[in-house]
Amino acid sequence: MRSINIAAVLLLAGCGSDSLTPILGCESGFGIEVDCRFQNPEDMVLSPDGRIIVSQFGGMEGSPGSLVLYEPPSGMLTALFPDPSVRMEPEWGDPACALPDAFSPHGIDLETRLDGRHQLAVVNHGGRESVELFEVDGGGVLTWRGCVEAPEGALLNDVVVLRDGGFWVTRMFDRGSDTWAFLRAQFGFDTGWAYAWSQATGFSKLPGSDAAFPNGIEKSDGERFAYLNTFTGARKIDAATGDVVAERSMKPLDNSYWSEDGRLLVASHTGSIGELLACMSVPEGACGMPFEIVALDPDDLSEQVMIAHEGAPMGGATVALQRDGIYYLGTFAGDRMGIVDLSP
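In what follows, the accompanying structure is described.

Criteria and thresholds
- Residues numbered from 1 in each chain as written.
- Predicted model: local features only at pLDDT ≥ 70, side-chain atom pairs only at ≥ 80, totals over all residues.
- Heavy atoms only, no water.
- Phe/Tyr/Trp six-rings, centres within 6.5 Å; stacked < 30°, edge-to-face > 60°.
- Lys NZ or Arg CZ within 6 Å of the ring centre and 35° of its normal.
- Disulfide = S-S within 2.5 Å.
- Helix = DSSP H or I, 4+ residues; strand = E, 2+ residues; numbered from the N terminus.
- Buried < 20%, exposed > 50% of the residue type's maximum accessible area, 1.4 Å probe, protein only.

**Overview of the packing of aromatic side chains**
Then step 1. Applying the stated criterion across every chain, the model contains eleven aromatic pairs.
Then step 2. Here the aromatic cluster, defined as three or more aromatic residues joined through ring pairs, consists of Phe167, Trp193, Tyr195, Trp197 and Phe203.
Then step 3. Sitting above the plane of the Trp193 ring, Lys205 keeps its charged end 4.3 Å from the centroid.
Then step 4. When the ring centre of Phe225 is taken as reference, the NZ or CZ atom of Lys236 above it lies at 4.4 Å.

What follows is the structure in structure tokens.
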């Protein structure tokens, strides 16, 4: 059943906003505080010490991007990668995979491995298609530990780390088929799937994951279930059998992150395909494409809209990370992070 956080929706309504006009100012409003020191903060995760690691998206064509560390509530920003001070000590991933010549991050995830070490995985479009693997220490310092190159022709999006050091990663569509894939996804046709990767077996298709534009991916606490976001909605998959145990039709979904109350926070693009394409060509500032942040029940995927907004001070949200009741919003097209305080 669909329910709505009425207070948040009214607070962030943004009446009269034009979602197709680039937002050039950096004024907060409609309950969203903005920090305009970012480059397309497309995805983010909590570091072991409670700070936020942000993936600054370059673009699927491989334009440069970076990882930065954001510290609430002070707002301090620290460059993480690329950085010449980062140690390069390969140990994880494919031994044949070398340090990348270019770095263009997309989806990221961090997990505490069975050996107690913190593994950060980053989808990289720079120079090649790969998943870069880092170790994060307690203070947020990175060590590059290796990588895995994607299968031939794959264009990846999001990744979730498994506790044995493997990962699941989404393949949106074949590289070079962007326009055709978008058209097919509009009508619900499958354009890609998710992979499982392990040190022992390499890449294999995650059963039950064929979908229209697979995007964000998460896992259940016991790693039995995969939660897959697609152009047509959300899907809960038994990772061993491929059985779809729950599914919900929704507007195009982006990244997922677990909320503090145990639900799955998912960013949903609620505008038109025209608005989405316009967002991709915003030269500066931010785009105002309408979005929702939806909390999904992990059992049946029933939904509650937590935040709904359009226009200034930011739109096109791709992720919502919750920390101490505060939501930190990222975007694939803009110079800002949004901060929404929905704490009691």
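Next comes the rest of the account.
**Description of the state of the cysteines**
Two cysteines joined by a covalent bond between their sulfur atoms form a disulfide.
Then step 1. Under the definition given, this model contains three disulfides.
Then step 2. Paired by a disulfide, Cys26 and Cys36 hold their sulfur atoms 2.0 Å apart. Its S-S torsion of about 105° marks the bond between Cys26 and Cys36 as right-handed, since a negative value means left-handed. With Cys26 in the loop between helix 1 (6-11) and strand 2 (33-35) and Cys36 in the loop between strand 2 and strand 3 (41-46), this residue pair connects regions lying ten residues apart in the sequence.
Then step 3. Owing to a relative accessible area of 39%, Cys26 belongs among the partly exposed residues under this scheme.
Then step 4. Exposure remark for Cys36: the relative accessible area of 23% places this residue in the partly exposed category.

This is a description of form; function is not addressed.
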